[in-house]
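# A look at the structure
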There are 4 protein chains.
Amino acid sequence: MIRVTVWNEFFHEQHDETTKKVYPEGIHKAIAAFLGKEEDITVKTVVLDDENCGITEELLNETDVLLWWGHVRHNDVPDSVVDLVQHAVLKGMGIIFLHSGHHSKPFRRLMGTTANLCWRETNDLERVWVVKPYHPIAQGLPRYFDLNGEETYGEPFDIPEPDELVFIGWFSGGEVFRAGCCYRRGNGKIFYFQPGHETFPTYYNENVQTVLKNAVRWAKPDVRVSSLTAPHVRKIDDMKDGEDYVR
Amino acid sequence: MIRVTVWNEFFHEQHDETTKKVYPEGIHKAIAAFLGKEEDITVKTVVLDDENCGITEELLNETDVLLWWGHVRHNDVPDSVVDLVQHAVLKGMGIIFLHSGHHSKPFRRLMGTTANLCWRETNDLERVWVVKPYHPIAQGLPRYFDLNGEETYGEPFDIPEPDELVFIGWFSGGEVFRAGCCYRRGNGKIFYFQPGHETFPTYYNENVQTVLKNAVRWAKPDVRVSSLTAPHVRKIDDMKDGEDYVR
Amino acid sequence: MIRVTVWNEFFHEQHDETTKKVYPEGIHKAIAAFLGKEEDITVKTVVLDDENCGITEELLNETDVLLWWGHVRHNDVPDSVVDLVQHAVLKGMGIIFLHSGHHSKPFRRLMGTTANLCWRETNDLERVWVVKPYHPIAQGLPRYFDLNGEETYGEPFDIPEPDELVFIGWFSGGEVFRAGCCYRRGNGKIFYFQPGHETFPTYYNENVQTVLKNAVRWAKPDVRVSSLTAPHVRKIDDMKDGEDYVR
Amino acid sequence: MIRVTVWNEFFHEQHDETTKKVYPEGIHKAIAAFLGKEEDITVKTVVLDDENCGITEELLNETDVLLWWGHVRHNDVPDSVVDLVQHAVLKGMGIIFLHSGHHSKPFRRLMGTTANLCWRETNDLERVWVVKPYHPIAQGLPRYFDLNGEETYGEPFDIPEPDELVFIGWFSGGEVFRAGCCYRRGNGKIFYFQPGHETFPTYYNENVQTVLKNAVRWAKPDVRVSSLTAPHVRKIDDMKDGEDYVR
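Residues numbered from 1 in each chain as written. Chains lettered and ligands numbered in written order. Predicted model: local features only at pLDDT ≥ 70, side-chain atom pairs only at ≥ 80, totals over all residues.

### Focus on the overall build of chain A
Counted only if it meets this: Where helices and strands are cited, they refer to DSSP runs of H or I of at least four residues and of E of at least two residues respectively, numbered from the N terminus. Two things to know: the radius of gyration comes from C-alpha atoms, and the globule rule equals 2.2 Å times the number of residues to the power 0.38. Comment: burial labels come from other C-beta atoms within 10 Å of the residue's own C-beta, placed from the backbone, where a count of 20 or more is buried, 12 or fewer is exposed, and between is partly exposed. Residues are scored as being in contact if the C-beta atoms we place from backbone atoms lie within 7 Å.
When helices and strands are tallied, chain A shows eight helices and nine strands. The globule rule puts the C-alpha radius of gyration for 247 residues at 18 Å, and the 18 Å found for chain A is close to it. Classification of the 247 residues of chain A by burial places 57% in the buried group. Relative to all contacts within chain A whose residues are 6 or more apart in sequence, the contacts with residues 24 or more apart total 70%.

### Some thoughts on the sheet that holds strand β6 (residues 144-154) of chain A
Residue and element names in this part refer to chain A. Our working rule: Between any two strands, at least two bridges found by DSSP are needed for them to pair. Here the axes come from fitting lines to C-alpha atoms, over the contacting stretch only for helices, and the angles between their N-to-C directions go from 0 to 180 degrees.
Read across the open sheet, the nine strands follow the order β2-β1-β3-β4-β9-β8-β7-β5-β6; overall the sheet is mixed. The open sheet terminates on both sides in strands that have one partner only, identified here as β2 (41-47) and β6. Taking the axes of each pair of neighbouring strands and ignoring which way they run, one obtains an average angle of 25 degrees across the sheet. Examined bridge by bridge, strand β3 (residues 65-69) and strand β4 (residues 94-98) share five bridges and lie parallel to one another. Paired with L67 across the bridge in β4 is I96. Sitting on the sheet, helix α5 (residues 79-91) is in contact with β4, β8 (176-185) and β9 (188-193), with an inclination near 115 degrees to β9. Here helix α7 (residues 206-219) sits on the sheet and contacts β1 (2-8), β2, β3, β4, β6 and β9; the angle it forms with β9, its principal contact strand, is near 165 degrees.

### Some remarks on helix α7 (residues 206-219) of chain B
All names here are of chain B. Where we set the bar: Helix span is expected to be 1.5 Å times the residue number reduced by one.
Along its 14 residues, α7 runs 20 Å from first to last C-alpha, staying within 8% of the 20 Å computed at 1.5 Å per residue. All of the buried residues along α7 are V208, V211, L212, K213, A215, V216, W218 and A219. The elements touched by buried residues of α7 are β1 (2-8), α3 (27-35), β2 (41-47), β3 (65-69), β4 (94-98) and β9 (188-193).

### A short note on the pairing of β4(A)
Remark: a regular strand shows side chains that alternate across the two faces of the sheet. Residues and elements named next belong to chain A. Note the cut-off: Viewed with both strands pointing away, a crossover whose connecting path from the first strand over the helix to the second turns clockwise is right-handed.
Along β4, five of the five residues are buried, which leaves the element largely enclosed by surrounding structure. In β4, alternate side chains face the same way, and those of G94, I96 and L98 on one face and I95 and F97 on the other are all buried. Each parallel crossover has a hand, and for β3 linked through α5 to β4 it is right-handed. Pairing of β4 with β9 involves four bridges; the strand directions are parallel.

### Regarding the environment of F145(D)
All names here are of chain D. Summarising the element assignment, F145 is placed in strand β6 (residues 144-154). Classification of F145 by C-beta neighbours within 10 Å gives buried; the count is 20. Among residues more than four places away in sequence, those in contact with F145 are V128 and N207.

### Brief notes about the pairing of strand β7 (residues 164-171) of chain A
Residue and element names in this part refer to chain A. Counting buried positions along β7 gives seven out of eight residues, so the element sits mostly inside the fold. Taken together, the five bridges between strand β5 (residues 118-130) and β7 define a ladder with antiparallel strand orientation. Note on β7: the bridge partner recorded for V128 is G169. As paired strands, β7 and β8 are joined by six bridges and run antiparallel to one another. Bridge pairing in β8 places L165 opposite C181. Hairpin connection of β7 to β8: four residues between the antiparallel strands, including G174 at a positive phi of 115 degrees.

### Digging into the confidence of the model for chain A
Low-confidence regions, as indicated by low pLDDT, have predicted coordinates that should not be scrutinised in detail. Residues and elements named next belong to chain A. Our working definition: pLDDT is a per-residue confidence score from the predictor, ranging from 0 to 100.
Summarising the model, chain A shows a mean pLDDT of 92, and 91% of its residues fall at 70 or more. Counted against residues more than four places away or in other chains, residues 229-233, with its pLDDT under 50, gives 13 contacts. Counting contacts from residues 238-247, a segment whose pLDDT is below 50, to residues more than four positions away or on other chains yields 13 contacts. Predicted complex, confidence summary: ipTM 0.93, pTM 0.95.

### A short note on the packing of helix α3 (residues 27-36) of chain A against α7(A)
All names here are of chain A. Definition in use: Should an angle fall under 35 degrees it is taken as roughly parallel, and over 145 as roughly antiparallel, whereas 65 to 115 is taken as roughly perpendicular and any remaining angle as oblique. The classification used treats Ala, Val, Leu, Ile, Met, Phe, Trp, Tyr, Cys and Pro as nonpolar, Asp, Glu, Lys and Arg as charged, and all other residues, Gly among them, as polar.
At a minimum axis distance of 10 Å, the contact between α3 and α7 shows a crossing angle of 70 degrees. Our classification of the angle between α3 and α7 gives roughly perpendicular. Within the contact between the two elements, α3 uses I31, F34 and L35 and α7 uses Q209, L212, K213 and V216. Of the residues contributing to the contact of α3 with α7, the split by class is five nonpolar, one polar and one charged.

### Some points on the environment of G196(B)
Residues and elements named next belong to chain B. Along the chain, G196 falls in the loop between β9 and α7. On the neighbour-count criterion, G196 (23 C-beta atoms within 10 Å) is buried. Taking the C-alpha atoms as reference points, G196 and H87, 109 residues apart in sequence, are found 26 Å from one another. Once residues within four sequence positions are removed from consideration, G196 is found in contact with W69, L98, H99, T202 and Y203.

### Structural notes on the sheet that holds strand β5 (residues 118-130) of chain D
Residues and elements named next belong to chain D. One open sheet accounts for nine strands, arranged β2-β1-β3-β4-β9-β8-β7-β5-β6; its pairing is mixed. Since the sheet does not close on itself, it has two edges, and those belong to β2 (41-47) and β6, each with one partner. Between one strand and the next, the sheet's axes are offset by a mean angle of 25 degrees, whatever the strand orientation. Sitting on the sheet, helix α3 (residues 27-35) touches β1 (2-8), β2 and β3 (65-69), and the angle it makes with β2 is about 175 degrees. Across the sheet, helix α5 (residues 79-91) lies against β4 (94-98), β8 (176-185) and β9 (188-193), angled at about 115 degrees from β9, the strand it touches most.

### Some details on unusual backbone geometry
That bond from E155(C) to P156(C) is cis: its omega, 5 degrees, falls within 30 degrees of zero. Residue position: P156(C) is located in the loop between β6 (144-154) and β7 (164-171). One non-glycine residue, F10(A), lies in the positive phi region at around 50 degrees. Using a count of 24 C-beta atoms within 10 Å as the deciding quantity, one classes F10(A) as buried. Residues other than glycine seldom take positive phi values, yet N123(C) does so here, at roughly 55 degrees. Positionally, N123(C) belongs in strand β5 (residues 118-130).

### Things to note about the environment of V176(B)
Note that V176(B) resides in strand β8 (residues 176-185). V176(B) sits 118 residues away from E58(B) along the chain, and the two C-alpha atoms are 40 Å apart. Discounting residues that sit within four places of it in the chain, V176(B) has contacts with W129(A), I168(A), W170(A), V176(A), E155(B), I168(B), G169(B) and W170(B).

### Focus on α5(A)
Residue and element names in this part refer to chain A. Between the first and last C-alpha of α5 there are 18 Å, a value that for 13 residues agrees with the 18 Å anticipated at 1.5 Å per step. Of the positions making up α5, those classed as buried are V82, V85, Q86, A88, V89, L90 and K91. Buried residues in α5 make contact with α4 (57-61), β4, α6 (105-111), β8 and β9. Once α5 finishes, G92 follows within two positions and takes phi at roughly 135 degrees, a positive value.

Next up, the structure:
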């Protein structure tokens, strides 16, 4: 079983009328609903207003893949939580950043860049193109799929060059955006997926759901490590005696 | 001075009425015209029907950057010419592949892939977006520029992940394409630039000219080597004597 | 089941006394022996002197991962065979190049470079270091392992920057070498592994066997495609009607 | 002129007898001495105990390339200083991290990883191998050069895959290390160079000096931007009117 935790800011869904109608129980619950139907996936959800943002080391140790949706309250996530998430990723936990999660503290921490981008809210149609048809995250998708209404995100997107660029978004208003980006950092896999503005029913879209189910399976760790310090920072006094540490 | 050679198939310009009107002297002459006005660039042109495709080892040794435009007669370039071009690149010559040059033998040789893509001729508008505004090839450009009529190229484009993706094309018909891709192979720099269909006046566009002038300066070698075999394949018999070969 | 084919030049084992003693049935049989013991792997072997080098499109279609060992007779592999291998990889077949296979035609075809390197035969000890302890190919290995006698390979190694560098070799004579390199090309995964000179019992080493077993599992395709031309080069006449091709 | 600033922790040189003898005026002064002799370089130095660690926005705006040496007092650099350095890099300032600077806050911020590694102090000889002989940072160097005494650094080194790996270190005690790593982040170039332990006269070595002089020239910005927010995060309300922002 792949143990998934969906983290959500859960703010718009409680304070914005449009969003309330689209995601009455919150984006986290909408995502958990379709992921939880998969036979190989179990899902938990936590939200920003939970104690310590819902993040504990115990939870992360029991999470194979974390999904992260945030937007206007990024700065309410304390650095100590960002530390926990970053280290869990480097130890092997997969992480999927959704839409405006590009500006979340954990994403910027893992990228080392501002993750700035251009944006516009004009209900553009987005056509999501598959750039790597054979990539595990693209399996079961058509060549492209349309979202009849999304927030427009535009380049330049201030990120390190992706290890693998899986999707590019085409917007009817004239923009393009690197919509699906894969990274490896430490022992962890990172996927950024751009669609998912809170006022559109994006997470009910069958193709978007396929992407996220695929991404969960891609991001799950091959192996987990209990500590980052043990294997890495140490003095090798007796290497020639052939005594190896256990990873 | 940067010594540029423009290689052109020069077929459509002699056999297709539309192309004749757009490029009466050939695409190579149109490109040479604007590059040759730069104070730091000198330009030669060669065409497919020249002896040995116009390619000799001497020419390549005196070429800092080679531009390559071909389309329907890729297979008339013999493998021996491809060998010469590939080795010149690995020894340090920069190379810029233009438009349908994606399917040229030298490009496929250097990429190791089919370089297949999707395409459609329906006079789409192409909007070329700058993904890396700070890249040397993007200097002097606006955020994006439009080409009112281009052949549509679409993903998937079967290339290795680019070292740096500088441009993405947005097409009015709904496609996207990785329109500007940088690679390093051996000592050489490679740039692929997608706009430039023979029936459109793309190479007269000021922004396209800026891209190509920038690309020439980016691709020029920092240093050239006279041989690939000398520095690489050798038996190191006396390394411990501290005798180094001269690169 | 992962269907593996081991390709071997099988020349030294028949003509060189030292090699005969180490690999009396050939390197391919030694590799097939330990891979074939794995419950999830079935193995075939073919050699250079088989008809058409033992390579047919049918065989490649039924091969999930191909291993390739060659050394002094690279040029006896015709380009038509290289074409078949290259296209099988781009369609999804994994491939593992062993030791002097760096100079094989299929490796150079897939890399686009000379794959030149430095070398010396002085029975150095090689210490193979794990650079990415969490990589699937490194599972079950200690931090490093020693080979008491290997041909020395040295940098510079003329290859594209690896997508992932998994091993670096340390040689007692003073060299280093990028000993384990991963690439993705088209739909295929490529792994180069440097140890394996014909006069040393490298392929009987338990850690080397672990590497190759892991590499087979890593390189196996997620999905295969029957054709490279169908999905890629096509005219999209009616895209707006929503009619997608089947990949 | 390339405006260089050398930042040094300057602790060992004041408190450790061995280091005092090697670098009586501090590592920063030793580096400034040889860089300052170059006709195209001007050098300033700042140290940890300067006000605000010697770092101001004004200084960074007037710095083309920053060199950073730190070891035991990384945590005395406040996050506000790390913010300034990170943003200067993303806006275009080049940065060179030296030796134990791998664990500095700015390096870890820009990498997004722990930058952990293995280490041992046993006066090993280090042989620094040139992996990319044609890279601008490797110009003027022999195939390899020896340092008769360095701290041993060993893999695994927890960093993102380098854009370009220029050097690999071979240690007489049996380790290897990715000793010269290039990255691009935002508009800035980053180089990590491993040699330079405080108890060895590494920075007086002619080849090390060549590396650092080359690295300064490689890392200098092609173009600087005054702000990260202006070009990136904005609402594009009137894009179709053709009004572009100035980058």
